[in-house]
Amino acid sequence: MAAPPIRSNALIHARGLSKRFDKLLAVDAIDFDVERGEAFGFLGPNGAGKTSTMRMIGCVSAPSGGELSVLGMNPITDGPRIRARLGVVPQADTLDMELRVEENLFTYARYFDMPRDLARRRTRELLEFVQLSDRAKDEVEPLSGGMKRRLTIARALVNEPELLLLDEPTTGLDPQARHLVWDRLYRLKQRGVTIVLTTHYMDEAEQLCDRLVVMDKAKIVASGSPRKLIDQYSTREVLELRFSIDAPPSLDGKFEGLADRVEVLPDRVLLYTQDGEAAAAALHGRGVQPESTLVRRSTLEDVFLRLTGRSLIE
Amino acid sequence: MTGALRFLEHHAVLYRRTWKGTIFVSFVSPLLFLAAMGLGLGSLISSGPVRTVDGVSYLAFLAPGLLAATTMQTAYVETTYPIIAKIQWLRTYDGMLATPLTIGNVVAGEISWLAFRLTMVATIFFLVMILFGTIHAALAPLAILVAILTGLAFGAPILAFTATQRTDNAFSVIGRFIITPLFLLGGAFFPIHQLPQLLQGIAWLTPLAHGVALARGLTTGRITSSAGVDALVLLAYATLGIIAANITMRRRLSK
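Quick caveat: nothing in here was measured; it's all calculated off a predicted structure. (Residues numbered from 1 in each chain as written. Chains lettered and ligands numbered in written order. Predicted model: local features only at pLDDT ≥ 70, side-chain atom pairs only at ≥ 80, totals over all residues. Heavy atoms only, no water.)

Caption draft 1: Looking closely at the overall build of chain A. Helix and strand content of chain A: ten helices and 13 strands. Referenced to the eigenvectors of the C-alpha coordinate spread, the extents of chain A come out at roughly 75 × 50 × 35 Å. Within chain A, the fraction of its 314 residues that count as buried is 53%. For chain A, contacts bridging at least 24 residues in sequence account for 70% of all contacts bridging at least 6. Counting every atom, chain A has about 14200 Å² of accessible surface; 48% of that belongs to carbon and sulfur. Of the side chains in chain A, 44 bear a positive and 47 a negative charge, and the two mean positions are spaced by 4 Å. (Helix = DSSP H or I, 4+ residues; strand = E, 2+ residues; numbered from the N terminus. Buried < 20%, exposed > 50% of the residue type's maximum accessible area, 1.4 Å probe, protein only. Contact = heavy atoms within 4.5 Å. Areas by Shrake-Rupley, 256 points an atom, 1.4 Å probe, with all protein chains shown as cover. Lys, Arg positive; Asp, Glu negative; His and termini not counted. Charge placed at Lys NZ, Arg CZ, Asp CG, Glu CD.)

Caption draft 2: Layout of the pairing of strand E3 (residues 39–43) of chain A. Residues and elements named next belong to chain A. The element E3 is extensively covered by neighbouring structure, given that five of its five residues are classed as buried. Judged by which residues are buried, E3 turns out to be covered on both faces: Ala 39, Gly 41 and Leu 43 on one side and Phe 40 and Phe 42 on the other are all buried. Relative to strand E8 (residues 211–216), E3 is paired through four bridges, and the arrangement is parallel. Across the sheet, the residue bridging to Gly 41 is Leu 212, located in E8. (Pairing = 2+ DSSP bridges.)

Caption draft 3: Up close: helix H8 (residues 226–233) of chain A. Residue and element names in this part refer to chain A. By the burial criterion, the buried members of H8 are Pro 226, Leu 229, Ile 230 and Tyr 233. For H8, the arc enclosing every buried residue in end-on projection is 100°, short of the 170-degree limit, so these residues lie on one face. On its buried face, H8 is in contact with helix H7 (202–208), E8, strand E9 (219–224), strand E11 (261–264) and helix H10 (300–308). (Arc of directions from axis to C-beta.)

Caption draft 4: Quick look at the interface of chain A and chain B. On the chain B side, the residues contacting the 25 residues of chain A number 23 residues. Summed over both partners, the interface of chain A with chain B comes to about 2200 Å²; 54% of that surface belongs to carbon and sulfur atoms. Of all residues in chain A, the largest losses of buried area upon contact with chain B belong to Arg 83, Glu 98 and Tyr 111 of chain A, amounting jointly to 29% of the total for that side. Inspection of the region where chain A meets chain B yields four salt bridges. On the surface where chain A and chain B come into contact, there are ten residue pairs in polar contact (both at pLDDT 80 or more). The set of elements that each furnish at least two residues to the side of chain A that touches chain B consists of helix H2 (79–83) and helix H3 (101–111) of chain A. Looking at the side of chain A that touches chain B element by element, the count peaks at five residues for H3 of chain A. Taken together, the residues that form the side of chain A that touches chain B break down as twelve nonpolar, three polar and ten charged. (Buried area = accessible area lost by both parts, 1.4 Å probe. Salt bridge = Lys/Arg side-chain N within 4 Å of Asp/Glu carboxyl O. Polar contact = N/O pair within 3.5 Å; in protein donor to acceptor, adjacent residues only side chain to side chain. Nonpolar A, V, L, I, M, F, W, Y, C, P; charged D, E, K, R; others polar.)

Caption draft 5: Just the sheet that holds strand E12 (residues 269–273) of chain A, in detail. All names here are of chain A. If you trace the four strands from one edge of the open sheet to the other, you get E11-E12-E10-E13, paired in antiparallel fashion. On the outer flanks of this sheet lie E11 and strand E13 (292–297), each paired with one strand and no other. Ignoring strand direction, the axes of neighbouring strands in this sheet form an average angle of 20°. Relative to E12, H10 is tilted by about 100°, and along the sheet it contacts strand E10 (237–242), E11, E12 and E13. (Axes fitted to C-alpha atoms, helices over the stretch in contact; angles between N-to-C directions.)

Caption draft 6: Focus on the packing of helix H1 (residues 2–46) of chain B against helix H2 (residues 58–79) of chain B. Residue and element names in this part refer to chain B. Contact geometry of H1 with H2 gives a least axis separation of 8 Å together with a crossing angle of 150°. Taken together, the axis directions place H1 and H2 in an arrangement best described as roughly antiparallel. For H1 against H2, the interelement crossing comes out right-handed. On the side of H1, the interface is formed by Phe 33, Leu 34, Met 37, Gly 38, Leu 39, Leu 41, Gly 42 and Ile 45, while H2 contributes Tyr 58, Leu 59, Leu 62, Ala 63 and Leu 66. (Parallel < 35°, antiparallel > 145°, perpendicular 65-115°, else oblique. Left-handed = near helix turned anticlockwise from the far one by under 90°.)

Caption draft 7: Seen up close, the confidence of the model for chain B. Taken over all residues, the pLDDT of chain B has a mean of 94, while the share at 70 or more is 100%. Within chain B, the lowest mean pLDDT, 91, falls on H1 of chain B, and the highest, 98, falls on helix H6 (residues 142–162) of chain B. (pLDDT = per-residue confidence, 0-100.)

Caption draft 8: Molecular detail of the nonpolar core. Leu 151, Leu 164 and Ile 195 of chain A together with Leu 34, Tyr 93 and Met 249 of chain B are the most contacted members of the largest nonpolar core, which has 122 residues in total. With near-sequence residues (within four places) excluded, Leu 164 of chain A lies in contact with Gly 87, Val 89, Ala 156, Leu 157, Leu 185, Leu 188, Val 193, Thr 194, Ile 195 and Val 196 of chain A. Core analysis: the next-biggest nonpolar cluster, separate from the first, contains 27 residues, Leu 17, Val 27, Phe 40 and Met 56 of chain A among them. (Core = buried A, V, L, I, M, F, W, Y, C linked by side-chain atoms within 4.5 Å.)

Caption draft 9: A look at the packing of aromatic side chains. Counting across every chain of the model gives 14 aromatic pairs over all chains. Centre to centre, the rings of Phe 40 of chain A and Phe 42 of chain A are 5.4 Å apart; their planes meet at 75°, and the pair counts as edge-to-face. The exposure classification of Phe 40 of chain A matches that of Phe 42 of chain A, with both residues buried. A ring pair is formed by Tyr 81 of chain B and Phe 171 of chain B, whose centres lie 5.1 Å apart and whose planes are at 80°; its orientation type is edge-to-face. With a gap of 90 residues between them, Tyr 81 of chain B in helix H3 (residues 81–89) and Phe 171 of chain B in helix H7 (residues 169–185) connect regions that are remote in the sequence. (Phe/Tyr/Trp six-rings, centres within 6.5 Å; stacked < 30°, edge-to-face > 60°.)

Caption draft 10: Up close: the pattern of salt bridges. Residues and elements named next belong to chain A. Taken as a whole and assessed by the stated rule, the structure comprises 35 salt bridges over all chains. The partner of Arg 227 in a salt bridge is Asp 231, and the shortest N-O contact between them spans 3.5 Å. Note that Arg 227 and Asp 231 are positioned in helix H8 at a spacing of four residues, about one turn of the helix. Each of Glu 240, Arg 242, Asp 267, Arg 268, Arg 296 and Asp 302 takes part in salt bridges that share partners, so that together they form one network.

Structure follows, in structure tokens:
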């Protein structure tokens with residue numbers, strides 16, 4: 001693999017990047033650049049190729065084809081040098097259950113060749129940052145899912161990384177724990193840490209990402225800021241209708257001229273329109289009586305539905 | 001090489017909590033075996049018609065054999081369950097490999113740790129042998145090295161095998177059908193030449209027979225003409241095992 005030309009600020013540069021496992025093509029010739037200081041997301045359902053991409057960026061899995069440079073270096077030949085400047089939060093916590101909370105950070109700091117004094121100081125600071133100082137001497141196992149996640153994030157920050165990779169940072173957490181994680185990530189972003197994350201939660205992508213790519217079936221199907229993607233692939237508003245499951249009415253032709261696009265899902269009908277209230281009133285005039293109606297703004301979920309014909313979380 | 005040293009710190013942190021227990025076990029186990037088998041059973045032999053085994057007292061015959069067999073067992077324990085735990089159950093290696101540590105560091109670190117544990121076990125065993133008065137030659141301390149090498153000759157290939165496993169099912173099979181039979185029949189308790197011809201052939205294919213022969217020669221002062229071959233066999237098993245472990249660990253951890 002020839003060293004790819006590096007764009008001025010790109011921390012990660014990928015062209016035609018692919019990953020193949022035996023017969024399965026997990027990542028199929030994707031192109032993207034991540035600029036310094038931005039929060040960049042890979043949005044897509046499970047199995048879209050997000051984790052494989054992250055593992056290639058993290059220099060633990062070699063690309064099967066294409067170009068990839070991370071921090072201006074080649075992940076295949078410069079793995080240890082690149083990893084010295086990365087923070088990695090894997091999908092499943094890989095905390096050391098045999099070590100106590102603070103030992104998890106301290107021993108991890110030592111893998112980065114950090115002097116003991118500095119490692120101790122970083123451990124204290126990071127436990128404070130993720131609000132786990134009072135659990136420093138505790139075992140890891142009894143911590144809640146949210147606490148373990150925060151400890152994993154603290155561990156990934158031990159070397160003050162320029163680039164933080166997070167694979168599904170809040171999957172499996174309750175809403176309160178998710179917001180706490182988001183808050184910490186937001187602070188890191190403010191400090192200038194470049195963040196790359198994968199998620200299948202559209203709200204997470206909207207909250208955290210300056211720019212994102214939508215992945216489906218190993219390919220990138222769209223890219224841009226959350227706002228731009230919504231503007232481009234969806235309407236301003238969405239009218240959601242739910243009908244009685246026992247006696248669904250005949251809807252043939254009833255939506256004619258009311259919406260740019262209509263999605264009929266198993267549990268509801270979505271009308272993509274600039275003015276949801278007007279569409280709802282017009283439907284009422286045509287004698288359509290849904291059990292419930294809801295007017296909302298378009299989200300990335302709608303973008304994904306439009307692009308792939310499927311929901312993000314199935 | 002600093003990577004492997006960093007890796008070893010992880011072991012050191014954990015070992016700080018358990019070292020007393022491991023030293024106690026390493027001391028008591030040979031004490032019991034040498035007392036029961038060496039002195040107890042040995043007194044029957046020395047008062048019987050043959051009196052000696054291969055020209056030495058049963059205790060002097062048994063102790064070096066048991067030394068080599070014990071490091072084989074330690075190597076088996078250290079390279080099976082704890083390793084698959086770090087590969088798969090706890091995913092400790094995945095966390096480590098997100099740092100500048102490499103898979104090569106992990107393998108070098110695990111082999112070094114195994115060598116350290118074997119050194120502890122073999123040295124303590126040797127001290128017990130001194131207590132029992134079974135050291136009869138100036139070169140006897142070299143038996144510690146032979147025991148360490150015997151452990152590595154088992155541990156490195158088992159480590160390579162462990163990296164290919166998804167479950168721990170095969171480990172009990174190795175224990176029951178390789179390690180325990182070798183411990184009992186592989187030359188520690190009685191001379192291999194008393195086994196049926198076929199089993200003798202099998203025994204000499206394994207590192208244990210060579211480790212036992214070499215250690216026994218060194219502590220009894222009756223070094224055999226095949227000592228060089230014995231050492232080469234142990235070295236070959238250890239070296240090939242380390243090469244294989246690098247390959248299988250790389251395959252497993254870099255997907």
